[in-house]
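# Residue-level structural notes
In case you want the letters, here they are:
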Amino acid sequence: MRRRTLRWLLVFPLLCLTPESQAGDEGLAAVKSLAEQFAPQVVAWRRDLHAHPELSNREQRTAQTVAEILREIGITDVRTGVARHGVVALIHGNRATPVIALRADMDALPVQEATGLPFASQNPGVMHACGHDAHTSMLLGTAKVLFELRESLPGSVKLIFQPAEEGTPPGEEGGAALMIKEGVLREPEVGAIFGLHVAPDLPTGQVAYRAGGMLASVDRFRVAVRGKQSHAAMPWQGADPIVAAAHVITAVHTIASHRVDARQPVVISIGIIRGGQAWNIIPEQVVLEGTARTHDKTVRDRVAELFRTVVEQTAAAHGTQAEIEFSDYGPPVWNDPELVARMKPTLARVVGEANAVESPPVMVGEDFAHYGQQIPGMFVFLGVRNEAVGAVHPLHTPQFVLDEAALSVGIRTLSQLAIDWLTRTAGEPAP
Ligand code: NI
């Protein structure tokens, strides 16, 4: 294992004298061979993380495991306790700059696992149902590959293991926003960032990219419709918030269907309705909670404005009052078009032209978006669907299973994106 790597490292200085494409091909082959070699180890790491999932801002064991593995790999520059349980490591190449960042998220979800896997969650009610165990182990595998190749890296690689992507417990800060606040993109200054997410609707072997808006903005709302309590037999003596809330629900859905340009994606969903204590009493209040998703800043602002008007006036029309909290939960994941154009050939080289596919915009959100607001960022989807191993269920479900054969594809993708970006940016021969 080591011998093969060393041979490649010895060969590398000569590659600068060879035609660019040949140097690129040799590098590609070296990454592939290392990724395949480390794959069983990465699968073992992934299964261990999968068996021990931890909720957002509670990723203590995960962070400790990550830091230990990074040090075992030989990386000395490892910082822990960033944004609570975040881990940030730096691989020094043959020069200090430029610096590329690779990010993985580490947290799990409040889901009771029902996969029946031998390495299923040992924490009742908590499950890696969004594949963040795979993201973390793939970034560890990538760290191992890039550390092996460090002598030939024309710059540094910052590895960001981020907690709390799924949202923090009430009253707590966390996730990408807090990592940025604590300086993760500085010292040393990061030039661009890559991240990926497993995609159960994409077959193993494929990678999907998109220039511009890829994942949606996430807004969260809470509406309290306040009326006046009365006997259910005499509603005219009060103001019925249940009837008002029913009209509010119907009315807000016309925002997406009739008020915003139909060519712009908008989703408004209500996930919670709470109100009433007895069958024969009209209650004082009904609370609605939900989310709005868009892909464009202007549309997002327009939706927020329309939401307020429609809810307030519909409630008023029924003799009730609406109290609205509409909070900005996260911007859309915006892939820098120039960076995507530059890195698309890398994806094609890793998985083959036919397997590097363009993704449609999706309405789920990802807090990777925050990094993309600061520096050029590119987020890709990694195919993990494989009927043969039962990897067919959607993310966030108790049945979610991923095809572990995709892990080495992910490692190759992240490693190659980092290598090619550094090579191009450092002005080395283009890959
Ligand atoms: Ni996720």
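Residues numbered from 1 in each chain as written. Predicted model: local features only at pLDDT ≥ 70, side-chain atom pairs only at ≥ 80, totals over all residues. Heavy atoms only, no water.

Let's shift gears to the coordination of the nickel ion. Protein coordination of the nickel ion is provided by C130 (SG), H132 (NE2) and H197 (NE2), with donor distances spanning 2.1 to 2.3 Å. Counting along the primary sequence, the residues that act as donors to the nickel ion give the motif C-x1-H-x64-H. What makes C130 buried here is its relative accessible area of 7%. Note on H132: relative accessible area 0%, which makes it buried. (Donors = N, O, S within 2.8 Å, 3.2 Å for Na, K, Ca; no water. Buried < 20%, exposed > 50% of the residue type's maximum accessible area, 1.4 Å probe, protein only.)

It is at 9 Å that the axes of helix α6 (residues 241–259) and helix α7 (residues 297–317) come closest, and there the two elements cross at 145 degrees. The interaxial crossing formed by α6 with α7 has right-handed handedness. Here H247, V248, A251, V252, I255 and R259 of α6 lie close against α7, whose contacting residues are R302, V303, L306, F307, V310, V311, T314 and A315. Across the contact of α6 with α7, the residue classes break down as ten nonpolar, two polar and two charged. (Axes fitted to C-alpha atoms, helices over the stretch in contact; angles between N-to-C directions. Helix = DSSP H or I, 4+ residues; strand = E, 2+ residues; numbered from the N terminus. Left-handed = near helix turned anticlockwise from the far one by under 90°. Contact = heavy atoms within 4.5 Å. Nonpolar A, V, L, I, M, F, W, Y, C, P; charged D, E, K, R; others polar.)

Turning to the side chain of T142, a few remarks are in order. The topology assignment puts T142 in helix α4 (residues 132–148). Residue classification places T142 among the buried residues on the basis of a relative accessible area of 0%. Apart from residues lying up to four places away in sequence, T142 is in contact with L102, I411, L414 and S415.

So, on to the confidence of the model for the protein chain. Considering every residue of the protein chain, the mean pLDDT works out to 93; 94% of them sit at 70 or more. Note that pLDDT drops below 50 for residues 1–20; the model gives that stretch 23 contacts with residues more than four away or on any other chain. (pLDDT = per-residue confidence, 0-100.)

For the rest of this paragraph, the subject is the pattern of salt bridges. This structure, assessed with the given rule, holds 21 salt bridges. Residue D48 is joined to R61 by a salt bridge in which the shortest nitrogen-to-oxygen separation is 2.8 Å. Placement of the pair is D48 in helix α2 (residues 20–51) and R61 in helix α3 (residues 60–73), with a sequence separation of 13 residues. Accessibility expressed as a relative area gives 25% for D48, which makes it partly exposed. Between R84 and E172 there is a salt bridge, and its shortest N-O distance comes to 3.7 Å. Taken as a pair, R84 in the loop between β1 (77–82) and β2 (86–92) and E172 in the loop between β4 (156–162) and α5 (175–181) lie far apart in primary sequence, 88 residues in all. Take R84: its relative accessible area is 40%, and that puts it in the partly exposed class. Here the salt bridges share partners, and the residues they tie into one network are R46, R47, D133 and E404. (Salt bridge = Lys/Arg side-chain N within 4 Å of Asp/Glu carboxyl O.)

It is worth spelling out the packing of aromatic side chains at this point. Tallying each qualifying case throughout the model produces six aromatic pairs. Aromatic pair F221 and F326: ring centres 6.2 Å apart, planes at 10 degrees, arrangement stacked. Taken together, the positions of F221 in strand β8 (residues 217–226) and F326 in strand β13 (residues 321–330) put the pair 105 residues apart, joining distant regions of the chain. Judged by its relative accessible area of 2%, F221 falls in the buried class. Where F368 meets F379, the ring centres are 4.8 Å apart and the plane angle is 35 degrees; that geometry is what we call tilted. One end of the pair, F368, is in the loop between β15 (356–358) and α9 (369–374); the other, F379, is in strand β16 (residues 377–385), and eleven residues separate them in sequence. As far as the burial class goes, F368 and F379 line up, both buried. Looking at K144, its charged tip hangs above the ring of F38, at a distance of 4.8 Å from the centre. Lying over the aromatic face of F147, R150 brings its terminal NZ or CZ to 3.9 Å of the ring centre. (Phe/Tyr/Trp six-rings, centres within 6.5 Å; stacked < 30°, edge-to-face > 60°. Lys NZ or Arg CZ within 6 Å of the ring centre and 35° of its normal.)

On to the sheet that holds β13. Spatially, β10-β12-β8-β13 is the arrangement adopted by the four strands of the open sheet, whose pairing is antiparallel. With partners counted over all chains shown, the strands left at the sheet margins are β10 (266–275) and β13, one partner each. Direction aside, neighbouring strands of the sheet carry axes that sit 15 degrees apart on average. As defined by bridge partners, β10 adjoins strand β12 (residues 285–294) across nine bridges and the pair is classed as antiparallel. (Pairing = 2+ DSSP bridges.)

Contact geometry for helix α8 (residues 337–351) and helix α10 (residues 406–425): axes closest at 9 Å, N-to-C directions at 135 degrees. When the axis of α8 is compared with that of α10, the two are oblique. Crossing handedness for the pair α8 and α10: right-handed. Taken together, the residues of α10 that come into contact with α8 (itself represented by L339, R342, M343, T346, L347, R349, V350 and V351) are V409, R412, T413, Q416, L417, D420, W421, R424 and T425. (Parallel < 35°, antiparallel > 145°, perpendicular 65-115°, else oblique.)

Here the focus is the pairing of β12. The element β12 is largely enclosed, with a buried count of eight among its ten residues. With ten bridges joining them, β8 and β12 adopt antiparallel strand pairing. Across the sheet, S217 pairs through a bridge with T294, a residue of β12.

Looking now at the nonpolar core. Among the nonpolar cores identified, the biggest contains 71 residues, and L70, I75 and L159 are the most heavily contacted of them. The greatest single-element share of this core, amounting to ten residues, is contributed by α10. Once you skip the residues sitting within four places of it in the chain, I75 turns out to touch L70, A89, L90, I91, A143, F147 and L159. Among the nonpolar cores identified, the runner-up in size contains 27 residues, and A176, V333, Y371 and F381 belong to it. (Core = buried A, V, L, I, M, F, W, Y, C linked by side-chain atoms within 4.5 Å.)

Attention shifts here to unusual backbone geometry. With an omega of 0 degrees, the peptide bond running from T97 to P98 counts as cis. Tracing the backbone through its elements, the reader meets P98 in the loop between β2 and β3 (99–105). Look at the link from E187 to P188: it is a cis peptide, with omega at -5 degrees. Within the secondary structure, P188 sits in the loop between α5 and β5 (192–203). Within the chain, A83 stands out as a residue other than glycine whose phi angle is a positive 50 degrees. Looking at the element boundaries, A83 is found in the loop between β1 and β2. Overall, A83 belongs to the buried group, its relative accessible area being 0%. Notably, R84 is not glycine yet its phi reads approximately 75 degrees, a positive angle.

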